[in-house]
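Chain by chain, the residues run as shown.
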Amino acid sequence: MIKQEQIPVTITNSLSGEKELFKPVNEGHVGMYVCGPTVYSDVHLGNVRTFLTFDIISRYFRFLGYKVRYVRNITDVGHLENDADEGEDKIAKKARLEQLEPMEIVKNYTEGFHEVMRQFNILPPSIEPSATGHIVEQIEITKKLLANGLAYETNGSVYFDVLKYNEKHHYGILSGRVIEELMESGRKLDSQDEKRNKVDFALWKKASPYHIMRWPSPWGDGFPGWHIECTVMSTKYLGETFDIHGGGMDLKFPHHECEIAQAVGANGKAPVHYWIHSNMLTVNGQKMSKSLGNSFLPRELFAGNHPLLERGFGPMAVRFFMLQSHYSSTLDFSNDALSAAEKGYKKLINALIAIKKIDHPGNSVTDAERNEEFKRIPAELYQNMSDDFNTAKTLAVLFEMSARINDIKSNPALLKQIDSETFEFFKQHYISFIEDVLGLRMEEEHNSDLVNGVINVLIDLRKRARQDKNFALSDKIRDELKTLGVQIMDGKNGEMNFTIE
Ligand SMILES: [Zn+2]
């Protein structure tokens, strides 16, 4: 493998809009914080894409030999229904609707989230802190911001004073939003409002008498604002200045902008060197959204259980599909694109299975040109991944490699043109980039256990139908399974076996 010092990594920094050379705060180490899910509903595919992006980034840095500390939080309090600090807390609302404790909601959806991450082979972060586990720290930083004159208390709530902050610093540095425009847009403050200015945001909210999620504070019982948790948890585990902060594009404003203001306001320095934002998913060219009826959950995608889906697709085919485009581009879901991705995925995996079985015969007659080619192509994997984590181009190189593997498979004599060291280099890189860097693996076995079980139930029903001379039903079961790629073979003595395409 090639050493990390030889491979400079560039990152498109959302803060500058430029592609920049990555220089870690501490040599050989990477500190990365990613905004995790608000655990009040099932994780949707847009979230999966975001977490996949940062899975790839942490995997690649680890592959290069960096020590990575990856912190991804769980938001289990403080995320209100709209970004203007209004509406109900999302978790509390769900708890009320389902007549459960908020922590039951949190536990159920956190487990569901972890299950989806596991299905997509998205590795767990190094630390997964939760907002409710850091209430004390959130109160402390709020006190600090009050002491620094950048926050004010009104009626048991505390707000960040954006205009005051902007006198010395730049609110809008990340998102490009202009304060004067923000002040003019949207509705005006009315006399009921506690904020001095509409751009201000909550650090701490007073809990109404019937609000169930509440903690004591110097300002009375309440709960933290949404943005403050990420400032607290990122700097607690990664230091006041750390390398990478990531999240979905939709979090750039106001969430990440507010995080910068809070950290600068409290600690006097910019918290993050590189901001990375992953782009969104669209479906047949339209934004994926619940209200348009075109958003589906991972389990619906696997089962093909949605009007927009012609059939189901396995998590690895979907992972491959997402990796085919750069994280900063929008990605469009369609049946055709998914089918094509599934084919591509199988091609790479088949070559993976093949090369694992190929060993170099030793004493070779080397063809210098061919030998050079087998050294050059794997090096291109690094060039592409180090160029802002370009998984699309990395896959193109892997396809080129898979074609060479297939050549060798059909004509093993080709192996004699390259020396064993070069072949090992080629082989190890093909395996590592597929399995370790891109995190692709064979579709899971236990899924096929489930499928086999279901098919066996149908076969039993078909046997019974035949005993009852209900041949119409028996044929229907056989034919419908066939359209799904399951072939039933009838034996002489009434036994039935099956194969899956
Ligand atoms: Zn966050």
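These numbers were taken from a predicted model, which means no experiment stands behind them.

Calculation criteria
- Residues numbered from 1 in each chain as written.
- Predicted model: local features only at pLDDT ≥ 70, side-chain atom pairs only at ≥ 80, totals over all residues.
- Helix = DSSP H or I, 4+ residues; strand = E, 2+ residues; numbered from the N terminus.
- Buried ≥ 20, exposed ≤ 12 C-beta atoms within 10 Å, placed from the backbone.
- Contact = placed C-beta atoms within 7 Å.
- Pairing = 2+ DSSP bridges.
- Axes fitted to C-alpha atoms, helices over the stretch in contact; angles between N-to-C directions.

### Some details on the overall build of the chain
Looking only at helices and strands, the chain features 16 helices and 17 strands. Based on the C-alpha atoms only, the size of the chain along its principal axes is roughly 85 × 70 × 35 Å. The buried share of the chain, taken over its 501 residues, is 38%. Once local pairs closer than 6 in sequence are excluded, the contacts in the chain between residues at least 24 apart make up 71%.

### A word on the sheet that holds strand β10 (residues 222-224)
Read from one edge to the other, the open sheet built from four strands follows the order β7-β8-β9-β10, with strand pairing classed as antiparallel. The strands lining the two open edges of the sheet, one partner per strand, are β7 (151-154) and β10. Within this sheet the neighbouring strands show an average axis-to-axis angle of 20°, counted without direction. Summarising the sheet, β7 and strand β8 (residues 157-160) pair through four bridges and their orientation is antiparallel. Paired with Y152 across the two strands is Y159, which belongs to β8. Against the sheet, helix α4 (residues 135-147) contacts β7, β8, β9 (201-206) and β10, and its axis sits at roughly 105° relative to β7.

### Notes on the sheet that holds strand β14 (residues 286-287)
Sheet architecture is open: three strands sit in the order β14-β13-β15, paired in mixed fashion. Two strands bound the open sheet, and with one partner strand each, they are β14 and β15 (331-333). Across two bridges, the pairing between strand β13 (residues 281-283) and β14 is antiparallel. Opposite T282, over in β14, you have K287 as the bridge partner.

### Topic: unusual backbone geometry
Put simply, F253 and P254 share a cis peptide bond, and its omega is 0°. You can see P254 is positioned in helix α8 (residues 252-267). Residues other than glycine seldom take positive phi values, yet K469 does so here, at roughly 60°. Note on placement: K469 falls in the loop between α15 (445-467) and α16 (471-483).

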